[in-house]
Protein chains: 2
Amino acid sequence: MRQSRLFPRTIRREPAGAESVNHKLLVRAGFIDQLMAGSWTLLPLGWRVVARINRIIREEMNAIGGQEMLMPLLHPRSVWGETGRWGSAKDNPLGAKEVMYQFKDIRGREYALSFTHEEIVMDLLRKSIQSFKDLPVSVYHFSTKFRNEPRARSGILRGREFLMKDLYSAHATEADLMEYYEKVKNAYSKIFSRLGFTYRVTEASGGVFTENRTHEHQVLADTGEDTIFYCNTCEWGQNKEIFEGKEGERCPSCKKGKIIKARSIEVGNIFPLGTWYAEKMGVLYTDRDGKRKPVWFGSYGIGPTRVLGALVEVSHDEKGIIWFPQVAPFAVHLIEVKSQKSKVKSFAEEVYNKLSEENIEVLWDDRDVGAGEKFADCDLIGIPVRLVVSEKTGEMVEWKDRTDDRIELFSLHRVIDRLKEMQ
Amino acid sequence: MRQSRLFPRTIRREPAGAESVNHKLLVRAGFIDQLMAGSWTLLPLGWRVVARINRIIREEMNAIGGQEMLMPLLHPRSVWGETGRWGSAKDNPLGAKEVMYQFKDIRGREYALSFTHEEIVMDLLRKSIQSFKDLPVSVYHFSTKFRNEPRARSGILRGREFLMKDLYSAHATEADLMEYYEKVKNAYSKIFSRLGFTYRVTEASGGVFTENRTHEHQVLADTGEDTIFYCNTCEWGQNKEIFEGKEGERCPSCKKGKIIKARSIEVGNIFPLGTWYAEKMGVLYTDRDGKRKPVWFGSYGIGPTRVLGALVEVSHDEKGIIWFPQVAPFAVHLIEVKSQKSKVKSFAEEVYNKLSEENIEVLWDDRDVGAGEKFADCDLIGIPVRLVVSEKTGEMVEWKDRTDDRIELFSLHRVIDRLKEMQ
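Worth saying up front: this structure is predicted, and the values here are computed from it rather than measured. (Residues numbered from 1 in each chain as written. Chains lettered and ligands numbered in written order. Predicted model: local features only at pLDDT ≥ 70, side-chain atom pairs only at ≥ 80, totals over all residues.)

**As for the overall build of chain A**
No. 1: Counting secondary structure elements, chain A contains 10 helices and 23 strands.
No. 2: Structurally, chain A occupies a C-alpha span of about 80 × 65 × 45 Å along its principal axes.
No. 3: In chain A, which comprises 423 residues, the proportion classed as buried is 48%.
No. 4: The contacts of chain A with a sequence gap of at least 6 include a subset with a gap of at least 24, amounting to 66%. (Helix = DSSP H or I, 4+ residues; strand = E, 2+ residues; numbered from the N terminus. Buried ≥ 20, exposed ≤ 12 C-beta atoms within 10 Å, placed from the backbone. Contact = placed C-beta atoms within 7 Å.)

Spelled out as structure tokens, the structure:
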């Protein structure tokens, strides 16, 4: 697309009150805009990245038999009352009143905004599950979550309103749940590998819902607000809450490696919830032996908007964002260095059209501004490949990777070949 | 996909309290589920149809330069206060308090749930628009809207929570706004034609925002809750609120045709809003002459979940839904009539695999239930083409269109050719 038409323009100064790198860079580069504390508009560039993140997540959820759907965001109090999660955590270890938006409408009906969807899935399952033949079920959606965090901070990493992909699975037996739980864990690992992250899977507490450990996918990041401990040799890892040893000790699992302490950003969390929800809400199925039994339930979450922020935290420099190609908003940033000669304009147009014909997505900086401003914006926005056409380059195209200072001159033909190889 | 794994199963009995055809059929066939009055889960089949609807809308919005983004759903009272739309319509012709969900959180902050997004777009524009060079802007999103309708009825046609694609455009001049308004009107006509609707574009009142007429896309449907008048010869049409003539009169526009009265479902609504919002909210740009001027603003909406319901209202029979191919959840419903002989099962699997390899989307009824139940579910779900493999058909495949009683026998090779021709 032509950058002269892209909404909105980049911003030179740092946004007020921005503490985190993702906040500063995503706002300045025009990916997100803050409506109020903890609430963000995904601008066209930001939406493009999130759409790519969602696509990767969707492919891996479908690959393990997840069925996409979409559940409502406004929930009746009655459903949340069934598990006791409507209440205050002061009175009730399960209560979520402090972070759940709850209200009464002008007709006196009480609602919660989607804090999570376990209760809603359970309500759906109990209407449709009859026998063991109806299990297992694996459903997911991409939808909005609302959490009234006391302090919304860290840019888009911790919002009061954010996107979540949440998958829910129901099973006849614990063994079937745990087998599927491992499948989801592996699917999550594939997703975070495909997204380009360096991450660790760490054990975390099961809380009050399950005696099982839960698992978190943690992206290694110096700016992360979590702390994890992991083995430098095997796959063992635990989060700070449950880890009882010391940094530098021998790994309790492989007995060979050493325990490393690191800062991290939690990007995925999976819960083998067991039968607690089904017992509370009466989600029963008839087994082969004719007995009514509660379903075994798991829930699995990834926050695509949090992933957007985490990508920036782990991949940027002092000039701006550095997108991994698989999530970049465009494959190529084409800079037309304005010139009196009309040849440059027509050659830029030719490059743009040829690349577009090859289904290579190009942001074409056709604006009437100086080359310096264009190069600065290009580094800020962070598209993986910068192409320049100018009077100087003539009929050749200048190629520069965002991650590299080296500049090379290629024919348009060669540029297309290289870009196609990268796809 | 295998129907034995599809969530949930179909329902034999009509849902309690269902008045409209879309409510009865979409619930029974497993496309939607009601969480509470006016609030629906889009189940996997329903989500597939909405994804197809959204794709058609997205293509046409992009074709007229619309840039996709995503705005928040929880809005601060302050923004809605700027236009006066926070208030009650009893005191204020613009007020929307009666249908807007408004609440105060436990920290005393006041919010509205997204009733529409004009104020939010305006807040975004005033942060980024500086001069005439930054205009025009055309942005859209697919997101959730909340309207506390006194009586939620008509199935998914009128929910309290529903999906909306809303496009917003901002311009330097009235002429530019009106030119773009016509472009959007044409894009909407393309969308509704591609969706398979018989529709009319009717003039409607501009309300308090503009002296201009607004326009509605109205699908002709006997069960619709709107009434429109249109010419049987030219494109003239008006909704009931502004029409002042009588049915059967000569058309006031072409002077040749006759005025027809019809029931209809409003599926699109476009508003040339003018400068009212920009003046209230201070969305100004600097023109070529150095003067600060308010932007000209338009808003344009389509409800994809309403379209889902309208499609069922206009295309069904006593047995179930009849999906138009372009929005059908699957292209083909493959019925395997169970048999003692393993040949049927392996041939069904061969048909399924071959079609899948050709990127033809198949719902394969592999369930252990009788042929009668399978045929009934097939008609209820309404996929355009039914293929049957059974002991009787041997190595041939039985083909039946959902809209036709004729049954034909083809080789698998011929079936694939026919389906590819239809794509």
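That shown, we press on.
**Brief notes about the packing of helix α2 (residues 44–63) of chain B against helix α7 (residues 304–314) of chain B**
All names here are of chain B.
No. 1: At a minimum axis distance of 9 Å, the contact between α2 and α7 shows a crossing angle of 115°. In terms of their interaxial angle, α2 and α7 are classed as roughly perpendicular. Read as a crossing pair, α2 and α7 show a hand that is right-handed. Residue-level inspection shows G46, V49, V50, I53, N54 and I57 of α2 in contact with α7, the latter providing P304, T305, V307 and L308.
No. 2: Grouping the constituent residues of the contact of α2 with α7 by class yields 7 nonpolar, 3 polar and no charged. (Axes fitted to C-alpha atoms, helices over the stretch in contact; angles between N-to-C directions. Parallel < 35°, antiparallel > 145°, perpendicular 65-115°, else oblique. Left-handed = near helix turned anticlockwise from the far one by under 90°. Nonpolar A, V, L, I, M, F, W, Y, C, P; charged D, E, K, R; others polar.)

**Quick notes on the domain arrangement of chain A**
All names here are of chain A.
No. 1: When the domains of chain A are assigned, the result is domain 1 (3–73 + 114–317) and domain 2 (332–422).
No. 2: Placing the centre of domain 1 and that of domain 2 at their C-alpha centroids yields a distance of 37 Å.
No. 3: Between domain 1 and domain 2, the residue contacts involve 5 residues of the former and 9 residues of the latter.
No. 4: Taken together, the residues of the side of domain 1 that touches domain 2 sort by class into 1 nonpolar, 3 polar and 1 charged. (Domains from an automatic or database assignment.)

**A closer look at α2 of chain B**
Residues and elements named next belong to chain B.
No. 1: Counted at 1.5 Å a residue, the expected span for α2 with its 20 residues is 28 Å, and the 28 Å between its end C-alpha atoms agrees.
No. 2: All of the buried residues in α2 are P44, L45, G46, W47, R48, V49, V50, R52, I53, I57, E60 and M61.
No. 3: Looking one or two residues beyond α2, the residue adopting positive phi is G65, at roughly 85°. (Expected span 1.5 Å × (residues − 1).)

**Looking at the relation of the copies chain A and chain B**
The operation relating the pair of chain copies consists of a rotation about an axis and a translation along that axis.
No. 1: Mapping chain A onto chain B calls for a screw motion: a turn of 180° about the axis and a shift of 0.0 Å along it, with 0.0 Å RMSD after fitting. Taken together, the rotation and translation relating the two chain copies correspond to the operation of a two-fold axis. In terms of proximity to the rotation axis, the leading residue of chain A is F103 of chain A, whose C-alpha is 3.1 Å off the axis. (Least-squares fit on C-alpha atoms with pLDDT ≥ 70 in both.)

**Description of unusual backbone geometry**
No. 1: At the junction of L135 of chain A and P136 of chain A, the peptide bond is cis and its omega measures out at -5° in the coordinates.
No. 2: Checked against the element boundaries, P136 of chain A lands in the loop between α4 (118–128) and β7 (137–146).
No. 3: A cis amide bond, omega -15°, links F7 of chain B with the succeeding residue P8 of chain B.
No. 4: Mapped onto the elements, P8 of chain B comes out in the segment before α1 (21–28).
No. 5: With a phi close to 60°, N359 of chain A is a non-glycine residue in the positive phi region.
No. 6: Note on placement: N359 of chain A falls in the loop between α8 (342–357) and β20 (362–365).
No. 7: A positive phi is found at K255 of chain B, a non-glycine position, where the angle reads about 65°.

**What about the sheet that holds strand β4 (residues 74–76) of chain B?**
Residues and elements named next belong to chain B.
No. 1: Read from one edge to the other, the open sheet built from 3 strands follows the order β4-β6-β5, with strand pairing classed as antiparallel. Sheet topology places β4 and β5 (102–104) at the edges, where each strand pairs with a single neighbour. With direction set aside, neighbouring strand axes in the sheet form an average angle of 35°.
No. 2: Both β5 and strand β6 (residues 110–113) contribute to a ladder of 3 bridges, which runs antiparallel. Its bridge partner lying in β6, Q102 is registered against A112. (Pairing = 2+ DSSP bridges.)

**What to know about the interface of chain A and chain B**
Many authors give the size of an interface as the accessible area that is lost as the parts come together.
No. 1: Across the contact, 39 residues belong to chain A and 39 residues belong to chain B.
No. 2: If you list the elements that add at least two residues to the side of chain A that touches chain B, you get β1 (32–36), β2 (39–42), α2 (44–63), β3 (67–68), β4 (74–76), α4 and β7 of chain A.
No. 3: Sorting elements by how many residues they give to the side of chain A that touches chain B places α4 of chain A first, with 5 residues.
No. 4: Taken together, the residues of the side of chain A that touches chain B sort by class into 23 nonpolar, 7 polar and 9 charged.

**Details of the sheet that holds β4 of chain A**
Residue and element names in this part refer to chain A.
No. 1: Strand order in the open sheet formed by 3 strands is β4-β6-β5, and the pairing between neighbours is antiparallel. Edge positions in the open sheet fall to β4 and β5 (102–104), since each of these has one partner strand only. Averaged over neighbouring strand pairs, the angle between their axes works out to 35° when direction is ignored.

**As for helix α9 (residues 371–381) of chain A**
Residue and element names in this part refer to chain A.
No. 1: Of the residues making up α9, those classed as buried are K374, D377, C378, D379 and I381.
No. 2: Where the residues of α9 are buried, they touch β18 (320–321), β19 (332–336), β20 and β21 (385–389).
No. 3: After α9 finishes, the residue G382 shows a positive phi value of roughly 85°.

**Here we look at the environment of E60 of chain A**
Residues and elements named next belong to chain A.
No. 1: You can see E60 is positioned in helix α2.
No. 2: Judged by the 20 C-beta atoms lying within 10 Å of it, E60 falls in the buried class.
No. 3: Put simply, E60 and A371 are 311 residues apart on the chain and 42 Å apart in space, counted from C-alpha to C-alpha.

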